[in-house]
Amino acid sequence: MNTHGEFRTAVVPAAGLGTRFLPVTKSVPKELLPVMATPAIEIVAAEAAAAGAERLITVTSPEKAAVAAHFSRDHDLEKLLESRGKDDAAEAVRRAPRLLRVENAVQPEPLGLGHAVACAEPHLTDEDTAVAVLLPDDLVLPAGVLTRMAEVRRRYGGTVLCAFEAAREDLSAYGVFDVRDTADPGVKRVRAMVEKPAPHEAPSTLACAGRYLLDREVFGPLREIGPGPRGEIDLTDAISVLIERGHPVHVVLHTGVRHDIGTPGGMLRATLDEALRDPARGPALRSWLRQRVDVPEDAHAVG
């Protein structure tokens, strides 16, 4: 039962090609690559469930059936693990199917984030007055920002996004916000949003952190707008149309940790971060890292 009241459905776009992880993503969907032993898509599904979502819509390409399959029960595997006394492993494989109900929408072509979100619309019901969108490439810690976003929507209405402070030289990789203050220092009203601006043209250093709580009204602009200069339908463009029409859009400022696990380097940092927090693995890993970084660089050379 959704006790938060602002949304019941979460959408996870998962149709990308995963080119930055080739060659592994030739056969394994990027969204199933793990932080420690947990696939990225299971991490965001758990985040959505904790914030009150009852249903998850995965938006995948036709070749990515394995993403939806991850949320199906495998009774034979569970019984095998239990028969060998591996109860913890059996419980781990049960976790994803128990999180929430999962449906799959197909995005036939990778035509942008806005197009991916639009592909989920036929799965929505009249009860879905708002929908959460979580990008599995973004690991936002500590979890809980969606709950905060739902509180902001209850207070201000409209659409609520998540923002983090980015280095100016990195802004061309993100949607960037032009904002004004509200009575809450952790919440800003969005005046405009720019997709991947040149750093010197960016209106601020507040970038989108891959968490959206979208009012149902966003699907109108998504149907109306065409592809942008990159040939994609950008969610940013649809949100910009809402702003122009007077629809309230706010951002919650995230001051915790954010890892971009859509890149090998970001995935490595996220995995190390998670392992260092693990009481069983952390002390030994920390000790090994200290020894490793204290050794001169040329000592690691092979041959």
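On a predicted model such as this, the values are computed, not experimentally measured, just so you know. (Residues numbered from 1 in each chain as written. Predicted model: local features only at pLDDT ≥ 70, side-chain atom pairs only at ≥ 80, totals over all residues. Heavy atoms only, no water.)

So, the overall build of the chain
1) Next: When helices and strands are tallied, the chain shows ten helices and 13 strands.
2) Next: For a compact globule of 303 residues, the expected C-alpha radius of gyration is about 19 Å, and the chain comes in at 20 Å, within 12% of that figure.
3) Next: Taken along its principal axes, the extent of the C-alpha atoms in the chain is 60 × 50 × 40 Å.
4) Next: Going through the 303 residues of the chain one by one, you find that 49% of them count as buried. (Helix = DSSP H or I, 4+ residues; strand = E, 2+ residues; numbered from the N terminus. Rg over C-alpha atoms; globule rule 2.2 N^0.38 Å. Buried < 20%, exposed > 50% of the residue type's maximum accessible area, 1.4 Å probe, protein only.)

Brief notes about the packing of helix α1 (residues 40-50) against helix α4 (residues 87-99)
1) Next: Look at α1 against α4: their axes get within 9 Å of each other, and the N-to-C directions meet at 50°. The orientation of α1 with respect to α4, classified from their angle, is oblique. The handedness of the crossing between α1 and α4 is left-handed. Side by side, α1 and α4 meet where E42, A45, A46 and A49 of the first sit next to R95, A96 and L99 of the second. (Axes fitted to C-alpha atoms, helices over the stretch in contact; angles between N-to-C directions. Parallel < 35°, antiparallel > 145°, perpendicular 65-115°, else oblique. Left-handed = near helix turned anticlockwise from the far one by under 90°. Contact = heavy atoms within 4.5 Å.)

Description of the packing of aromatic side chains
1) Next: Within this structure, the stated rule accounts for one aromatic pair.
2) Next: Pairing F164 with Y174 gives two aromatic rings, centres 5.3 Å apart and planes at 85°, and the pair type is edge-to-face. On the criterion of sequence distance, the pair formed by F164 in strand β8 (residues 159-165) and Y174 in the loop between β8 and β9 (175-181) is long-range, its members being ten residues apart. Note on accessibility: F164 and Y174 belong to one class, buried. (Phe/Tyr/Trp six-rings, centres within 6.5 Å; stacked < 30°, edge-to-face > 60°.)

With respect to the nonpolar core
1) Next: I41, L134, M149 and L213 are the most contacted members of the largest nonpolar core, which has 38 residues in total.
2) Next: Looking at this core, the elements that each hand over two or more residues are β1 (9-13), α1, β6 (130-134), α6 (145-156), β8 and β11 (206-215).
3) Next: Considering each element in turn, this core owes the most residues, five residues, to α6.
4) Next: Excluding residues within four positions of it along the chain, L134 makes contact with A10, V11, V12, P13, V44, E47, A48, L146, G210 and R211. (Core = buried A, V, L, I, M, F, W, Y, C linked by side-chain atoms within 4.5 Å.)

Regarding the UniProt feature "domain: Nucleotidyl transferase" (unreviewed entry) in the chain
1) Next: Taking the UniProt record as the reference, the feature "domain: Nucleotidyl transferase" (unreviewed entry) is found at residues 10-272.
2) Next: The span residues 10-272 is 31% helical and 27% strand by assignment, and the distance between its end C-alpha atoms comes to 28 Å. (UniProt positions renumbered as here; feature names shortened; annotations may be inferred.)

Description of the pattern of salt bridges
When the charged atoms of two side chains lie near each other, side chains of opposite charge can form a pair.
1) Next: Enumeration over the complete set of coordinates arrives at 27 salt bridges.
2) Next: Notably, a salt bridge pairs R55 with E103, separated by 3.1 Å at the nearest N-O pair. Here the residue R55 occupies a position in strand β4 (residues 55-60), and E103 occupies one in strand β5 (residues 101-106), the gap between them amounting to 48 residues.
3) Next: Residue classification places R55 among the buried positions, given a relative accessible area of 3%.
4) Next: Residue E103 is classed as partly exposed on the basis of its relative accessible area of 27%. (Salt bridge = Lys/Arg side-chain N within 4 Å of Asp/Glu carboxyl O.)

Considering the domain arrangement of the chain
1) Next: When its domains are assigned, the chain resolves into domain 1 (9-262) and domain 2 (265-294).
2) Next: Inter-centroid distance (C-alpha atoms) of domain 1 to domain 2 is 27 Å.
3) Next: Opposite the eleven residues of domain 1 that make contact, domain 2 presents eleven residues.
4) Next: With both sides pooled, the region where domain 1 packs onto domain 2 buries about 810 Å², and carbon together with sulfur makes up 73% of that total.
5) Next: Contact with domain 2 buries surface across domain 1, with V35, M36 and H259 losing the most and accounting together for 58% of the total.
6) Next: Scanning the region where domain 1 abuts domain 2 turns up zero salt bridges.
7) Next: Secondary structure elements with two or more residues in the side of domain 1 that touches domain 2: β2 (34-35), β7 (138-141) and β13 (257-260).
8) Next: It is β13 that provides the largest number of residues to the side of domain 1 that touches domain 2, a total of three residues.
9) Next: Here the side of domain 1 that touches domain 2 is built from residues that sort into nine nonpolar, one polar and one charged. (Domains from an automatic or database assignment. Buried area = accessible area lost by both parts, 1.4 Å probe. Nonpolar A, V, L, I, M, F, W, Y, C, P; charged D, E, K, R; others polar.)

Things to note about the side chain of T25
1) Next: By the secondary structure assignment, T25 is in the loop between β1 and β2.
2) Next: Separated by 3.4 Å, the side chain of T25 and the backbone nitrogen of L22 make a polar contact.
3) Next: Among residues more than four places away in sequence, those in contact with T25 are L17, G18, K30 and L33. (Polar contact = N/O pair within 3.5 Å; in protein donor to acceptor, adjacent residues only side chain to side chain.)

A look at the pairing of β6
1) Next: Within β6, five of the five residues are buried, leaving the element largely enclosed by the surrounding structure.
2) Next: Across the two faces of β6 the burial is the same, with A130, A132 and L134 and V131 and V133 all buried.
3) Next: Where β1 meets β6, two bridges bridge the pair, whose relative direction is parallel. Of the residues in β6, the one forming a bridge with V11 is V133.
4) Next: Summarising the sheet, β6 and β11 pair through five bridges and their orientation is antiparallel. Counterpart to A132 in the pairing with β11 is L213. (Pairing = 2+ DSSP bridges.)

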